[in-house]
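Now for the letters of each chain:
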Amino acid sequence: MPSIRALHETLASGQLGTILHVEGHNSNENSQKITSGWRLSQEESPGGGFTGAGLHVLDAFVSMMGPVERVYARLRQRETGPPPLDTAVVALEFTNGVTGTLATVRATPFYWRIHLFGTDGSAEVLDETTMIVRKSGAAPQRLTYPATDVLRAELDAFASAIENKGSFPVREAEVLATLSAFEAALQSMKTGLPVQCLQENAGQHGR
């Protein structure tokens, strides 16, 4: 996504200072349309909306902050469905000391955001093309980027990697780190306790 690329560049520039916290949300209003399929299966979608929607935010978190060390997650199911009615909240501690929070409410109208908080400023992505940068003593700066066909770009990158024409943008270590945090969140939802991530399965993160 253009806005996520811009968020990565803003983070890498150092203009936000030391990153202290990251917040994210993904609500997509899809639960009212769910009458069957994997999203209703406790085996295939054990984390409610976290599995189908919140996982995308977690993936973005890991790509910027690196592996997660500890997770505390809660899943509140009002109705198992169909249609399902649930909320998921996840608190994260990254290995680099950054904290994070993530929430998913899949019954509510579409809303998506990722927000980085640093000692010198914050940057918030609101959709695929919009980012807001806030600095002390200055008005918020709203930045808009040209839209792209994100799915096409993903498939093109995948095809290039298969043909050895380039590396896929998402590294294996990031995939494993996301899965480690995801599985820890599911375990925390079951036990009601914080869960350590399996760093030996998460690989090493270069950022």
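What you are looking at is a predicted structure, and each value in this text was computed from that prediction instead of being measured. (Residues numbered from 1 in each chain as written. Predicted model: local features only at pLDDT ≥ 70, side-chain atom pairs only at ≥ 80, totals over all residues. Heavy atoms only, no water.)

Q: What am I meant to see in the nonpolar core here?
A: Here is a general trend for soluble globular proteins: nonpolar side chains tend to be buried in one another's company. Of all hydrophobic cores here, the largest spans 40 residues; its most connected members are L7, F50, M65, V71, L92 and I114. No other element matches the eight residues that helix α2 (residues 49-65) contributes to this core. Apart from the residues within four sequence positions on either side, L7 is in contact with M64, I114, L116, A123, V125 and M131. (Core = buried A, V, L, I, M, F, W, Y, C linked by side-chain atoms within 4.5 Å. Buried < 20%, exposed > 50% of the residue type's maximum accessible area, 1.4 Å probe, protein only. Helix = DSSP H or I, 4+ residues; strand = E, 2+ residues; numbered from the N terminus. Contact = heavy atoms within 4.5 Å.)

Q: Sorry if this is basic, but what is going on with helix α3 (residues 150-162) here?
A: An α-helical segment advances 3.6 residues per turn. Residues three or four places apart therefore align on the same side. In this model α3 runs 19 Å from its N-terminal to its C-terminal C-alpha over 13 residues, within 8% of the 18 Å that 1.5 Å per residue would give. Of the residues one or two after α3, N164 is the one with positive phi, at around 60°. (Expected span 1.5 Å × (residues − 1).)

Q: Is there a simple way to think about the pairing of strand β7 (residues 130-134) in this case?
A: If a strand is regular, its side chains alternate between the two faces of the sheet. For β7, a buried count of four out of five residues is recorded, marking the element as mostly surrounded by other parts of the structure. Here strand β6 (residues 122-125) runs beside β7; their pairing, made up of four bridges, is antiparallel. Bridging across to β7, E124 finds its partner in I132. Both β7 and strand β8 (residues 141-144) contribute to a ladder of four bridges, which runs antiparallel. Along β8, the bridge assignment pairs M131 with L143. From the end of β7 to the start of β8, which pair antiparallel, there are six residues, and G137 there has a positive phi angle of about 75°. (Pairing = 2+ DSSP bridges.)

Q: Could you clarify how one ought to interpret unusual backbone geometry in this entry?
A: Negative phi is the rule for most residues except glycine; trans is the rule for most peptide bonds. At N164, a residue that is not glycine, the phi angle is positive and equals roughly 60°. Examined against the element boundaries, N164 turns out to sit in the loop between α3 and α4 (172-191). What makes N164 exposed here is its relative accessible area of 71%.

Q: How should I be thinking about the pattern of salt bridges in this particular structure?
A: Oppositely charged side chains can form a pair if their charged atoms are brought close together. Applying the stated criterion to the full structure yields eight salt bridges. In this structure, R70 and E93 form a salt bridge, with 3.5 Å as the shortest nitrogen-oxygen distance. In this pair, R70 sits in strand β2 (residues 68-79) while E93 sits in strand β3 (residues 85-94), placing the two residues 23 residues apart along the sequence. Of the residues examined, R70 reaches a relative accessible area of 31% and is grouped as partly exposed. Look at E93 and you get partly exposed, because its relative accessible area is 36%. For R134, the salt bridge goes to E124, with nearest N and O atoms at 2.9 Å. With R134 in strand β7 and E124 in strand β6, this residue pair connects regions lying 10 residues apart in the sequence. (Salt bridge = Lys/Arg side-chain N within 4 Å of Asp/Glu carboxyl O.)

Q: Even after reading the chapter, I still don't get the confidence of the model for the chain, so can you show me in this structure?
A: When pLDDT drops low, the exact placement of atoms in the prediction is not to be read closely. When pLDDT is averaged across the chain, the result is 88; 96% of the residues are at 70 or more. β6 holds the highest mean pLDDT among the elements of the chain, 96, whereas helix α5 (residues 199-202) holds the lowest, 54. The model gives residues 201-207 a pLDDT under 50, and that stretch makes 18 contacts with residues more than four places away or in other chains. (pLDDT = per-residue confidence, 0-100.)

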